[in-house]
Amino acid sequence: MIKCLITQPNSDKVTSYLFHFGKEILKEIYPIKIQFMNLEGEKVNKNNVESYLKKQDPKIVLFNGHGDDWTICGYKDKDLIMMNENEDLLKEKIVYSLSCSSAAKLGQSAVLKGTKAFIGYSDSFMIYTDSEREATPLKDSIAASFLKSSNKLSISLLNGKSANESSEKSKEEFQKETKKYLTGRLFEGSERIAMALLWNMDNQVVLGDPEAKIE
Amino acid sequence: MEESKIKIEPELKEIVLQRILSSKLPSNIRLSVGNSSDEPMGILEMAEHVKKEDEIGQKIIRMELNYLKILKEGIVEKIQSG
């Protein structure tokens, strides 16, 4: 059995979208038994995350939330993992961080301190949403193009694929979704959505061992 | 901690601005750049950030320039035909 920690702060519009789409990952059927530790809302705080990382030793950690070059955030953007403070807690783990820029510096530092693989974004994660669908995020097909592409990565890791294979699957999905919006096929101006999808695809990076996978 | 500001040529900034302002993206389709703004942005707000060249504006400019580079390299055509 593999343990997996997921953080879902759900404290603003963007993290609410990540929360709803992130739940789809839990509904999948995996070939290996996965014990999910799903931290939601205000439970996504530094104490809880540090405690779970130390005591439960999950093999996979999926962070959803805001961040920057040096930090992954939790509920109401409070710090969870900070460079040169507690990234050593990610040692021996495979991490996917769906948060802005955390692969730029924090991810690199985590890998130097023993994280098997850190997959994340080297710059801001951009997302278009439909304001008419905010109350029902899963019905927002624009947001789905972004977040289902991201989910592919988590699902692939949990299916036992390597960090690199999982990132490639996610990038294939970003590319497939991009195609829908090019040249204003769906509606005028949709090229801007393609632009953001390609931006995320280009900024998704695998740090550490590209062959890392759950055994 | 603040990211250092990169220098953007005024001509490039103007191209980006005009591309944004001429976009006919529906007003209900809005952009979020991490937690940089409380509410997702429409076209006019994006243009304002680009004009000011603040942190969000800089990111939008870089995204746009990245797309133009991809277009130039023919990658978009490959995606369309793939």
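The preceding data block contains the structure.
It should be emphasised that the depicted structure is a prediction, and the values quoted were computed from it without experimental measurement.

K.L.:
If you had to explain the overall build of chain A to someone new, which residues and values would you point to?
P.N.:
Scanning chain A from N- to C-terminus turns up six helices and ten strands. Against the compact-globule benchmark of 17 Å for 215 residues, chain A has a radius of gyration of 16 Å, which places it among compact chains. In terms of its C-alpha atoms, chain A occupies a principal-axis envelope of roughly 50 × 35 × 35 Å. In chain A, buried positions account for 57% of the 215 residues. Of the contacts made within chain A by residues no fewer than 6 positions apart, 70% connect residues no fewer than 24 positions apart. Here chain A displays about 8600 Å² of accessible surface, and carbon together with sulfur accounts for 46% of that area. Of the charged side chains in chain A, 30 are positive and 31 negative, and the gap between their average positions amounts to 5 Å.

K.L.:
Residues and numbers for the pattern of salt bridges, please.
P.N.:
Under the criterion given, the structure shown has 21 salt bridges over all chains. Close ionic contact of A:E40 with A:K23 constitutes a salt bridge, the shortest N to O distance being 2.8 Å. Within this pair, whereas A:E40 is found in strand β2 (residues 34-40), its partner A:K23 is found in helix α1 (residues 13-27), the two being separated by 17 residues in sequence. A salt bridge links B:E45 to B:R30, with the shortest nitrogen-to-oxygen separation between them at 2.8 Å.

K.L.:
Give a description of the nonpolar core that names residues and reports values.
P.N.:
Counting 66 residues, the largest nonpolar core has A:F125, A:Y128, A:F146, A:L147, A:I193 and B:L31 as the members making the most contacts within it. Among the elements that line this core, the one with the most residues is helix α4 (residues 141-158) of chain A, at nine residues. When neighbours within four sequence positions are excluded, A:F125 is seen to be in contact with A:L98, A:C100, A:F146, A:L147, A:F174, A:N200, B:S32, B:V33 and B:G34. Residues A:Y52, A:V61, A:I72 and A:L207 belong to the second largest nonpolar core, which totals 19 residues.

K.L.:
Can you break down the packing of aromatic side chains residue by residue, with the values?
P.N.:
Residue and element names in this part refer to chain A. For the structure on display, the rule yields four aromatic pairs over all chains. A ring pair is formed by Y96 and Y121, whose centres lie 6.2 Å apart and whose planes are at 55°; its orientation type is tilted. In this pair, Y96 sits in strand β7 (residues 94-98) while Y121 sits in strand β8 (residues 117-121), placing the two residues 25 residues apart along the sequence. Both residues of the pair, Y96 and Y121, count as buried. Geometrically, the ring pair formed by Y121 and F125 is edge-to-face, given 5.1 Å between the ring centres and 75° between the ring planes. The buried category is assigned to Y121, whose relative accessible area is 0%. Residue F125 is classed as buried on the basis of its relative accessible area of 6%.

K.L.:
Tell me about the packing of α4(A) against helix α6 (residues 191-203) of chain A, and name the residues and values.
P.N.:
Residues and elements named next belong to chain A. Interaxial distance between α4 and α6 falls to 10 Å at its minimum, and their mutual angle equals 15°. By the angle between their axes, α4 is roughly parallel relative to α6. Considering only the axes of α4 and α6, their crossing is right-handed. Here α4 contributes I142, S145 and F146 to the contact with α6, which in turn contributes I193, A196, L197 and N200.

K.L.:
An account of the pairing of strand β3 (residues 60-64) of chain A is requested, with residue identities and associated values reported.
P.N.:
Residues and elements named next belong to chain A. Along β3, five of the five residues are buried, which leaves the element largely enclosed by surrounding structure. Of the two faces of β3, the one lined by I60, L62 and N64 and the one lined by V61 and F63 are each fully buried. Summarising the sheet, strand β1 (residues 2-8) and β3 pair through four bridges and their orientation is parallel. In the sheet register, L5 faces β3, and the bridge partner there is V61.

K.L.:
I'd like a rundown of the interface of chain B and chain A, residues and numbers included.
P.N.:
Where the parts come together, the accessible area they lose is often given as the size of the interface. Listed per partner, the contact involves 32 residues of chain B and 36 residues of chain A. Of the roughly 3200 Å² buried between chain B and chain A on both sides combined, carbon and sulfur atoms contribute 60%. Per-residue buried area on chain B facing chain A is highest for B:M63, B:Y67 and B:I79; these three make up 20% of the total on that side. Viewed at the interface, chain A and chain B are joined by six salt bridges. One salt bridge connects B:E64 with A:R192, and the closest N-O pair in it is separated by 2.5 Å. Taken together, the links from chain B to chain A amount to eleven residue pairs in polar contact (both at pLDDT 80 or more).

The rules we used
Residues numbered from 1 in each chain as written. Chains lettered and ligands numbered in written order. Predicted model: local features only at pLDDT ≥ 70, side-chain atom pairs only at ≥ 80, totals over all residues. Heavy atoms only, no water. Helix = DSSP H or I, 4+ residues; strand = E, 2+ residues; numbered from the N terminus. Rg over C-alpha atoms; globule rule 2.2 N^0.38 Å. Buried < 20%, exposed > 50% of the residue type's maximum accessible area, 1.4 Å probe, protein only. Contact = heavy atoms within 4.5 Å. Areas by Shrake-Rupley, 256 points an atom, 1.4 Å probe, with all protein chains shown as cover. Lys, Arg positive; Asp, Glu negative; His and termini not counted. Charge placed at Lys NZ, Arg CZ, Asp CG, Glu CD. Salt bridge = Lys/Arg side-chain N within 4 Å of Asp/Glu carboxyl O. Core = buried A, V, L, I, M, F, W, Y, C linked by side-chain atoms within 4.5 Å. Phe/Tyr/Trp six-rings, centres within 6.5 Å; stacked < 30°, edge-to-face > 60°. Axes fitted to C-alpha atoms, helices over the stretch in contact; angles between N-to-C directions. Parallel < 35°, antiparallel > 145°, perpendicular 65-115°, else oblique. Left-handed = near helix turned anticlockwise from the far one by under 90°. Pairing = 2+ DSSP bridges. Buried area = accessible area lost by both parts, 1.4 Å probe. Polar contact = N/O pair within 3.5 Å; in protein donor to acceptor, adjacent residues only side chain to side chain.

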